[in-house]
Amino acid sequence: MRELEPERDAASIVEVLNDPAFVRNVGDRGVRTNAEAAVYIRERIAPSYDRFGFGMWLVELVANAEPIGICGLLKRDALEDVDVGFSLLERYRGCGYAFEAASAAMTYGWEVARLSRIVAITVPHNSRSIALLQKLGMQFEKMVQLVPDTREVMLFAASAGGQAQSDSK
Ligand SMILES: CC(C)(COP(=O)(O)OP(=O)(O)OC[C@H]1O[C@@H](n2cnc3c(N)ncnc32)[C@H](O)[C@@H]1OP(=O)(O)O)[C@@H](O)C(=O)NCCC(=O)NCCS
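Now for a look at the structure at hand. (Residues numbered from 1 in each chain as written. Predicted model: local features only at pLDDT ≥ 70, side-chain atom pairs only at ≥ 80, totals over all residues. Heavy atoms only, no water.)

## Some remarks on the site of the ligand
Right, so step 1: In the neighbourhood of the ligand, 20 residues make up the surrounding shell, with Phe-86, Leu-88, Gly-94, Phe-99 and Asn-126 lying closest.
Right, so step 2: The backbone of Gly-96 places a nitrogen or oxygen atom 3.3 Å from an oxygen atom of the ligand.
Right, so step 3: In the environment of the ligand, an oxygen atom lies 2.9 Å from a nitrogen or oxygen atom belonging to the backbone of Ala-98.
Right, so step 4: For the shell around the ligand, the elements supplying multiple residues, two or more each, are helix H2 (20–25), strand E4 (82–88), helix H5 (97–111), strand E5 (117–122) and helix H6 (127–135).
Right, so step 5: Among the elements that take part in the shell around the ligand, H6 stands out by supplying four residues, more than any other. (Near = heavy atom within 4 Å. Polar contact = N/O pair within 3.5 Å; in protein donor to acceptor, adjacent residues only side chain to side chain. Helix = DSSP H or I, 4+ residues; strand = E, 2+ residues; numbered from the N terminus.)

Here you go:
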């Protein structure tokens, strides 16, 4: 997992953001071209790296550096706690990569960013995401509405020292 770079990773971001499951479950970011994706990375993703020391990272295969999706930690204005997010390209789902990436992001959250809580949000019909969050040791807390007049989403949470924390602690 590594930081996204505007020009280098634009094509990967176009593919991830326009995946039908991403649009259905997360939303349509309106990013269609490499030029738009470069702006999106520069303005919407990269600032978090400097501000918080974490953000949405690119997930690559170790063997050949093939980009397979995005995963990372976000601090949104609408949520008090940092949340973990993930989205893989369809051909790389069902291999355990999302669990591996999200586990690594959460370990970074506990051990490097020293967070006391990590949350996650998902729409209620996203059964793959819910299963993954439960496998990560997160528990459903409540329904929340991040933006007025939009659909409610499920909020999951894990606490430092809880079962979602790494075994080394
Ligand atoms: C949500 C999402 C990231 C989950 O990805 P995923 O690949 O299904 O998740 P996992 O990494 O947990 O792998 C799932 C399956 O891979 C298999 N798997 C797990 N580890 C494995 C391993 N080491 N070797 C082989 N297969 C493995 C298992 O069958 C596992 O299913 P299980 O949970 O029943 O055990 C993916 O569906 C996605 O990108 N969706 C579209 C975008 C989206 O909705 N994002 C979430 C917004 S909240």
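## Some remarks on the packing of aromatic side chains
Geometry of an aromatic ring pair is reported as the spacing of the ring centres plus the angle between the planes.
Right, so step 1: Enumeration according to the criterion identifies three aromatic pairs in this entry.
Right, so step 2: With a centroid separation of 5.6 Å and 15° between ring planes, the pair formed by Phe-52 and Phe-54 is classed as stacked.
Right, so step 3: A relative accessible area of 4% places Phe-54 in the buried class.
Right, so step 4: Taken together, a centroid distance of 5.8 Å and an interplanar angle of 65° make the contact between Phe-140 and Phe-156 edge-to-face. In this pair, Phe-140 is assigned in strand E6 (residues 139–144) and Phe-156 in strand E7 (residues 153–159), connecting sequence segments 16 residues apart.
Right, so step 5: Accessibility expressed as a relative area gives 42% for Phe-140, which makes it partly exposed.
Right, so step 6: A relative accessible area of 1% places Phe-156 in the buried class.
Right, so step 7: The ring of Phe-99 has Lys-135 sitting right over it, with the charged end atom 5.0 Å from the ring centre. (Phe/Tyr/Trp six-rings, centres within 6.5 Å; stacked < 30°, edge-to-face > 60°. Buried < 20%, exposed > 50% of the residue type's maximum accessible area, 1.4 Å probe, protein only. Lys NZ or Arg CZ within 6 Å of the ring centre and 35° of its normal.)

## Brief notes about the pairing of strand E3 (residues 67–74)
Right, so step 1: The buried fraction of E3 amounts to six of the eight residues, a majority that puts the element mostly inside the structure.
Right, so step 2: As paired strands, strand E2 (residues 56–60) and E3 are joined by five bridges and run antiparallel to one another. Bridged to Leu-58 within E3 is Ile-70.
Right, so step 3: From the end of E2 to the start of E3, which pair antiparallel, there are six residues, and Ala-65 there has a positive phi angle of about 60°.
Right, so step 4: For E3 and E4, the ladder comprises six bridges, and the chain directions are antiparallel. Across the sheet, Gly-72 pairs through a bridge with Gly-85, a residue of E4. (Pairing = 2+ DSSP bridges.)

## Some points on helix H1 (residues 10–17)
An α-helix turns once per 3.6 residues; consequently, residues spaced three or four apart project the same way.
Right, so step 1: Here H1 lies mainly inside the structure; six of its eight residues are buried.
Right, so step 2: When H1 is considered as a whole, its buried residues turn out to be Ala-10, Ser-12, Ile-13, Val-14, Val-16 and Leu-17.
Right, so step 3: Buried residues along H1 sit in contact with H2, helix H3 (34–45), E2, E3 and E4. (Contact = heavy atoms within 4.5 Å.)

## Brief notes about the packing of H1 against H3
Right, so step 1: With their axes 8 Å apart at the nearest point, H1 and H3 run at an angle of 95° to one another. Taken together, the axes of H1 and H3 are roughly perpendicular relative to one another. Along its contact with H1, which presents Ala-10, Ala-11, Ile-13, Val-14 and Leu-17, the element H3 presents Asn-34, Ala-37, Ala-38, Tyr-40 and Ile-41.
Right, so step 2: Partitioning the contact of H1 with H3 into residue classes produces nine nonpolar, one polar and no charged. (Axes fitted to C-alpha atoms, helices over the stretch in contact; angles between N-to-C directions. Parallel < 35°, antiparallel > 145°, perpendicular 65-115°, else oblique. Nonpolar A, V, L, I, M, F, W, Y, C, P; charged D, E, K, R; others polar.)

## Regarding H6
Right, so step 1: Along H6, the residues classified as buried are Ser-129, Ile-130, Leu-132 and Leu-133. End-on view of H6: buried residues confined to an arc of 160°, all on one side of the axis. Exposed and oriented more than 90 degrees from the buried face of H6 are Ser-127, Arg-128 and Lys-135.
Right, so step 2: Once H6 finishes, Gly-137 follows within two positions and takes phi at roughly 85°, a positive value. (Arc of directions from axis to C-beta.)

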